[in-house]
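These are the residues of each chain, in order.
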Amino acid sequence: MSFPPPEAAAAESTRAPSWSAQRLLSSPHRLCFFWAGVQWAVSAGWWAAELLAGPRTGDSQHLVPLVAWHGLWFSLGAMPLFVAGFVFTAGPRWLHTTPIGTRQLCVGVGLFSAGWLLALPLTGVDARAVAAMLLAAAIGQSLLVERVLALLRTGRSGERVHVALITIAMAAMALTLLAAALALATGCVEWLQPLAQAGLWCGPVLVFVAASHRMLPFLGDGLWPALDRGWPHWPLWLLVSLVPVQAVGALLPNMAPLPLWLRFVGFGHLAVVCVASAGLTLRWVGHPAMRTPMLRMLFGAALWWLLALLLLTAAALPALSDESARRLGLAGLHALGMGYLGGTLLTMATRVSAAHQGIARAIDGVARLLYMVLQTAVLARLCALLWPQAASVWLPAAAVAWSFVTAFWLLRHGRWLGQPPRARSRSSQSPIIAAIEKR
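All values derive from a computational prediction rather than experimental measurement.

Considerations on the packing of aromatic side chains
- Tallied over the full model, the rule gives 18 aromatic pairs.
- With a centroid separation of 5.6 Å and an interplanar angle of 40 degrees, the aromatic rings of tryptophan 46 and tryptophan 47 are classed as tilted. Accessibility classification places tryptophan 46 together with tryptophan 47 in one group, the buried group.
- Consider the rings of tryptophan 305 and tyrosine 340, whose centres lie 5.1 Å apart with planes at 55 degrees: the pair is tilted. Here tryptophan 305, found in helix H13 (residues 293-315), pairs with tyrosine 340, found in helix H14 (residues 322-356); they are 35 residues apart in sequence, far enough to count as distant. Neither tryptophan 305 nor tyrosine 340 differs from the other in exposure class; each is buried.

Next up, the structure:
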């Protein structure tokens, strides 16, 4: 009997374990994050290709408007599955209840993913076919909402407020997809853009505000202790108040021009939330915890939240011209979606997938590189909006940079998600990071 040489045995022991689709069914975050990563990379790659290829021709009566489709897909494509992976991982711990089995999520995740991915080649064929695919995605999302409601029903104790807000956001995303399918089926394509904007606020923004208040220090309590005692969780409710106001503000102009007094009310509301957010966030400047790479990255994303609110507040000034308000408003939405949501998502999804894979150092050189490229993409996108003379350069550059981040994240983390976890190694970490993980 012969034995392999020691060098061959050592190489075999250090070889990375093989990828298996069956491994995606071992935990909710693996299944949801993998298909969310696919949506993220495909949507970003499609948009970069469209911008580089230039305008296409065709019968506009049967085509989905590309800009509106881009907004809808970026708002409600990858985000709902990332949210599902997060809530089915952290939710049972928050509610002290039994986790949901991954196989119970397969139909919902499958319908949602198939609906979006099959809709892509149909956007140049017939809007009604795309509507059917969005209906499938809405049904899939509704099945995931039903599973979260099951968590809430069986939860014995714990923090229900934040999970309830996330559940409302997931339901709002399903309703937005249903409304978008109806708009496409009836030929009311002018509703896609406002629906995408309203869905962004009612869905991902509401989720991230609730989760940030629950897990992260930047938008949490502690700024004014007296106010904390009299109005518990006041930062949460103040920030959440933005969601219905901004969603209604996105939908109303499609029905009737906004009266001047309502524009002043919207401006004042945004200004109050902007000032409060600045106080909550900037108190962490120079804090010793900011030496931790993960917290620095999350703090950078929180600064995009501030800039987004500042731009949206400026856009709401009644004295501005329509074109200036439009550009500032779009800049605020991109700072919000790409900077705050994108930066927070990249950091937290990287941390969750790495930690569950047994990788002690999640925020390594590759993660920091992707984060910096993401920042570059956001800056380029804002330059395209605020410096329109050079938009033909900045806009494709932003799309290519964003596509690079999403594709690289999928290639790296998609491989981890399909592999068995490694043996955990001991490593020191910030007490705040440890507290976040316990939460």
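Some points on helix H12 (residues 260-282)
- Between the first and last C-alpha of H12 there are 33 Å, a value that for 23 residues agrees with the 33 Å anticipated at 1.5 Å per step.
- Residues of H12 that are buried include every one of Gly266, Leu270, Val273, Cys274, Ala276, Ser277, Leu280 and Thr281, and no others.
- At its buried positions, H12 is contacted by helix H10 (234-240), helix H11 (242-251) and H13.

A short note on the packing of helix H5 (residues 106-122) against helix H6 (residues 127-154)
- Relative to each other, H5 and H6 sit at 160 degrees, their axes nearing to 7 Å. Looking at the two axes, H5 sits roughly antiparallel to H6. Where H5 crosses over H6, the handedness of that crossing is left-handed. Across the interface between the two elements, Val107, Gly108, Val109, Leu111, Phe112, Gly115, Trp116, Leu118, Ala119 and Leu122 from H5 touch Ala129, Val130, Met133, Leu134, Ala136, Ala137, Ile139, Gly140, Gln141, Leu143 and Leu144 from H6.
- Partitioning the contact of H5 with H6 into residue classes produces 17 nonpolar, four polar and no charged.

Structural notes on the state of the cysteines
- Using the criterion set out here, one finds zero disulfides in the structure.
- With no disulfide of its own, cysteine 32 lies closest to cysteine 106 among cysteine sulfurs, the gap being 9.1 Å.
- On the accessibility criterion, cysteine 32 (0% relative accessible area) is buried.

Points about the pattern of salt bridges
- Summed over all chains, the structure comprises six salt bridges.
- For arginine 128, the salt bridge identified is with aspartate 126, shortest N-O distance 3.1 Å.
- Here arginine 327 makes a salt bridge to glutamate 323, at a shortest N to O gap of 3.0 Å. Remark: glutamate 323 and arginine 327 occur in helix H14; sequence separation between them is four residues, near one turn of the helix.
- Exposure remark for arginine 327: the relative accessible area of 22% places this residue in the partly exposed category.
- Owing to a relative accessible area of 39%, glutamate 323 belongs among the partly exposed residues under this scheme.

Rules behind the numbers
- Residues numbered from 1 in each chain as written.
- Predicted model: local features only at pLDDT ≥ 70, side-chain atom pairs only at ≥ 80, totals over all residues.
- Heavy atoms only, no water.
- Phe/Tyr/Trp six-rings, centres within 6.5 Å; stacked < 30°, edge-to-face > 60°.
- Buried < 20%, exposed > 50% of the residue type's maximum accessible area, 1.4 Å probe, protein only.
- Helix = DSSP H or I, 4+ residues; strand = E, 2+ residues; numbered from the N terminus.
- Expected span 1.5 Å × (residues − 1).
- Contact = heavy atoms within 4.5 Å.
- Axes fitted to C-alpha atoms, helices over the stretch in contact; angles between N-to-C directions.
- Parallel < 35°, antiparallel > 145°, perpendicular 65-115°, else oblique.
- Left-handed = near helix turned anticlockwise from the far one by under 90°.
- Nonpolar A, V, L, I, M, F, W, Y, C, P; charged D, E, K, R; others polar.
- Disulfide = S-S within 2.5 Å.
- Salt bridge = Lys/Arg side-chain N within 4 Å of Asp/Glu carboxyl O.

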